[in-house]
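# Close look at the chain arrangement
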Amino acid sequence: MTQPRHTLQCSLRDIRRRELMLLLGGMMTAAPALRAQQKAMPVIGFLGSTSPADRNAPYVAAFYQGLSETGYVEGQNVTIEYRWAEGRYDRLPALAAELVGRKLDVIVAMGGPSSALAAKSATSTIPIVFTGVSDPVALGLVASLARPGGNLTGGAIMQNELMPKRLELLSELVPQAGVIALLVNPNGVQTEPIIRSVQEAARVKGVQLHILKAGTESEIDSAFATLVQLQAGALLVSADPFFNSRHEQIVALAARHAVPAIYPWREVPDAGGLISYGSSFTAIYRQVGIYVGRILKGAKPADLPVQQPTTFELVVNLNTAKALGLTVPPSILARADEVIE
């Protein structure tokens with residue numbers, strides 16, 4: 001018997017309605033599972049003690065390189081949130097707390113011990129990778145270099161330990177300098193140990209040491225004015241991140257006042273500085289990038305040994321030496337990793 005047309009149409013509508021409901025139900029069930037599979041892009045917090053201009057520095061580029069070696073590229077599969085203290089170390093605790101509130105996957109504390117300590121105080125759970133720290137064990141950042149423990153690891157640089165060696169090189173380069181000035185940042189965490197170390201080295205060398213303190217751009221200008229008044233024959237620049245960010249200003253002042261100066265950073269002779277000696281920043285920062293990538297993949301900071309420098313670079317700018325009327329001893333030239341002519 002043939003069904004009435006209106007009864008058939010109702011049956012078809014019912015079937016389509018059930019199919020639609022099943023389809024919508026399936027989509028609603030699948031959505032959470034799909035979202036779970038599509039994990040949110042990881043976020044790195046970048047806590048810098050200096051200025052945004054340092055994003056273009058060679059050592060920061062080395063950090064990006066190390067990160068990319070583990071498969072992470074900013075803007076493609078990882079996000080980086082930057083906070084810069086602009087050389088004002090007292091701002092670091094608030095900036096670190098702000099980053100912690102952003103629900104990060106890992107924090108990179110760059111620019112010395114002040115950044116690392118601020119990050120450590122802000123969180124005991126978010127992984128932290130530091131760099132620019134000379135003695136992380138003495139600062140209480142890690143339990144030991146081999147087994148850091150806790151939520152911190154990173155790269156040590158041994159810059160402060162090399163200060164006596166820089167004084168020795170400076171005395172060898174400018175043997176007539178009986179008075180040498182040491183430029184330090186009074187806001188630096190490790191300033192006092194640096195002063196004591198260099199004072200002892202100066203005593204052994206038999207040279208008079210004057211301490212010049214500067215924590216701002218204007219104070220750097222004032223420090224050079226004092227240096228001239230003291231008739232210092234040479235300048236030793238301490239390994240403070242703020243001075244690295246202001247190295248062009250320091251190089252220009254040293255040239256203006258005809259003061260031979262030695263620096264911790266390899267890039268400074270390229271900018272006209274006389275001589276530099278220190279551990280390779282690019283090598284350490286690249287390793288920090290690799291560590292950050294490994295942590296994003298599941299590694300624990302406690303299991304990642306603090307990296308120590310294996311490369312130390314001595315760079316001399318002969319053009320600057322000539323402008324200062326200096327003859328670089330063959331003993332220094334023979335040891336130099338690079339001579340700029």
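By convention here, each chain's residues receive numbers from 1 onward along its written sequence. Note on the predicted model: pLDDT of at least 70 is required for a residue's local features to be given, and 80 or more for side-chain atom pairs to be given and counted; whole-chain, interface and lining totals, by contrast, use all residues. For the side-chain quantities, the full set of heavy atoms in the structure was used; hydrogens and water were omitted.

## Focus: the pattern of salt bridges
Keep this limit in mind: Any Lys or Arg side-chain nitrogen found within 4 Å of a carboxyl oxygen on Asp or Glu counts as a salt bridge. Working definition: with a 1.4 Å probe on protein chains only, accessible area under 20% of the residue-type maximum means buried, over 50% means exposed, and in between means partly exposed. Each helix is a run of H or I in the DSSP string that is no shorter than four residues. Each strand is a run of E no shorter than two, and both are numbered from the N terminus.
On inspection of all chains with the given rule, the structure shows 10 salt bridges. With a closest N to O distance of 3.3 Å, Glu 81 and Arg 83 form a salt bridge. For Arg 83, a relative accessible area of 15% gives the class buried. In this structure, Glu 217 and Arg 246 form a salt bridge, with 3.6 Å as the shortest nitrogen-oxygen distance. Here Arg 246 lies in the loop between α8 (241-245) and α9 (247-256) and Glu 217 lies in helix α7 (residues 217-230), a separation of 29 residues in the sequence.

## Re the environment of Pro 164
Formally: It only takes one pair of heavy atoms within 4.5 Å for two residues to be counted as in contact.
Positionally, Pro 164 belongs in helix α5 (residues 163-173). Judged by its relative accessible area of 27%, Pro 164 is partly exposed. In this structure the C-alpha to C-alpha distance between Pro 164 and Leu 236, which are 72 residues apart in sequence, comes to 9.9 Å. Sequence-distant contacts of Pro 164, that is, excluding residues within four places in its chain, are made with Ser 197 and Ala 201.

## Comments concerning empty space enclosed by the protein
What counts is decided by this rule: Two kinds of site are reported from a 1 Å grid over the protein atoms alone, namely cavities, where a 1.4 Å probe fits but cannot get out, and pockets, open sets with protein on both sides within 12 Å along at least five of seven lines, and residues are called lining when an atom falls within 4 Å of a point. Grid points are joined across faces, edges and corners, and a volume is the space filled by probe spheres set on the points. In this count, Pro and Cys sit with the nonpolar residues alongside Ala, Val, Leu, Ile, Met, Phe, Trp and Tyr, while Asp, Glu, Lys and Arg are called charged and the others, Gly among them, polar.
Inspection of every chain in the model, using the stated rule, returns two cavities of 30 Å³ or more. Of the voids in this model, the largest cavity is the one considered here, and its volume is about 180 Å³. What lines the largest cavity is a set of 21 residues, and nearest its centre among them are Tyr 59, Met 110, Gly 111, Pro 241 and Tyr 285. Elements supplying a minimum of two residues to the lining of the largest cavity: β1 (43-48), α2 (58-69), α8 and α10 (281-296). If you tally residues by element for the lining of the largest cavity, the top one is α8, at three residues. When its residues are assigned to classes, the lining of the largest cavity shows 11 nonpolar, eight polar and two charged. If you add up the space inside the second largest cavity, you get close to 140 Å³.

## Let's talk about the environment of Val 142
Along the chain, Val 142 falls in the loop between β4 (128-133) and β5 (152-156). Residue Val 142 is classed as buried on the basis of its relative accessible area of 6%. Sequence-wise, Val 142 and Val 306 are 164 residues apart; in three dimensions their C-alpha atoms are separated by 8.6 Å. Apart from the residues within four sequence positions on either side, Val 142 is in contact with Phe 130, Pro 136, Val 137, Pro 148, Leu 152 and Val 306.

## Some words on the packing of aromatic side chains
Quick note on the threshold: Paired rings are identified among Phe, Tyr and Trp, the last through its six-membered ring, by centres lying within 6.5 Å, and are further divided according to the angle between planes into stacked (under 30 degrees), edge-to-face (over 60) and tilted (the rest).
Counting across every chain of the model gives nine aromatic pairs. Geometrically, the ring pair formed by Tyr 82 and Trp 84 is stacked, given 6.2 Å between the ring centres and 5 degrees between the ring planes. Of the two residues, Tyr 82 and Trp 84, both sit in the buried class. An aromatic cluster of three or more residues is present, and its members are Phe 46, Phe 63, Tyr 64, Tyr 82 and Trp 84.

## Concerning the sheet that holds β5
Put simply, the rule is: In this description, strands pair whenever DSSP reports at least two bridges between them. All axes here are fitted lines through C-alpha atoms, helices being fitted over the stretch that makes contact, and every angle between N-to-C directions spans 0 to 180 degrees.
Pairing in this open sheet of five strands is parallel, and the strands run β2-β1-β3-β4-β5 from one edge to the other. This sheet does not close on itself; its edge strands, each paired only once, are β2 (79-84) and β5. Sheet twist, expressed as the mean angle between neighbouring strand axes with direction ignored, is 20 degrees. Where β4 lies against β5, five bridges are found, and the strand directions are parallel. Across the sheet, the residue bridging to Ile 128 is Leu 152, located in β5.

## Comments concerning the confidence of the model for the chain
The following threshold applies: Per-residue confidence from the predictor is reported as pLDDT, which spans 0 to 100.
Here the chain averages 90 in pLDDT, while 88% of its residues score no lower than 70. Below a pLDDT of 50 lies the segment residues 29-38, which in the model reaches zero contacts outside its immediate sequence neighbourhood of four places, other chains included.

## A few points about the packing of α2 against α10
For clarity, the threshold we go by: With the far helix as reference, a near helix turned anticlockwise by less than a right angle produces a left-handed crossing, and one turned clockwise produces a right-handed crossing.
It is at 6 Å that the axes of α2 and α10 come closest, and there the two elements cross at 35 degrees. As for the relative orientation of α2 and α10, their crossing is right-handed in sense. Two secondary-structure elements touch here, α2 through Pro 58, Tyr 59, Ala 62, Phe 63, Gln 65, Gly 66, Leu 67 and Glu 69 and α10 through Phe 281, Thr 282, Tyr 285, Arg 286, Val 288, Gly 289, Ile 290, Val 292 and Gly 293. Among the residues making up the contact of α2 with α10, the classes are represented as 10 nonpolar, five polar and two charged.

## Points about the nonpolar core
Generally speaking, a soluble globular protein has its nonpolar side chains buried in company with each other. Applied cut-off: Residues enter a nonpolar core if they are buried and are Ala, Val, Leu, Ile, Met, Phe, Trp, Tyr or Cys, with the set joined through side-chain atoms within 4.5 Å.
Formed by 73 residues in total, the largest nonpolar core has its most connected members in Phe 63 and Val 292. It is α10 that contributes the most residues to this core, eight residues altogether. Filtering out sequence-adjacent residues up to four positions away, Phe 63 remains in contact with Phe 46, Ile 80, Val 108, Met 110, Tyr 285, Arg 286, Val 288, Gly 289 and Val 292. Core analysis: the second largest hydrophobic core is formed by 31 residues, Met 163, Ala 201, Val 207 and Val 316 among them.

## Here we look at unusual backbone geometry
Glycine aside, negative phi is the norm for most residues, and most peptide bonds take the trans geometry. A positive phi is found at Lys 103, a non-glycine position, where the angle reads about 55 degrees. Along the chain, Lys 103 turns up in the loop between α3 (92-100) and β3 (106-110).

## Side note on the sheet that holds strand β9 (residues 261-263)
The strand order across the open sheet formed by seven strands is β7-β6-β8-β9-β10-β11-β12, and the pairing between neighbours is mixed. Bordering the open sheet on either side are β7 (208-213) and β12 (338-340), each of which pairs with just one other strand. Pairwise comparison of adjacent strand axes, ignoring direction, gives a mean angle of 20 degrees for this sheet. The pairing of strand β6 (residues 179-184) with β7 spans six bridges and is parallel.

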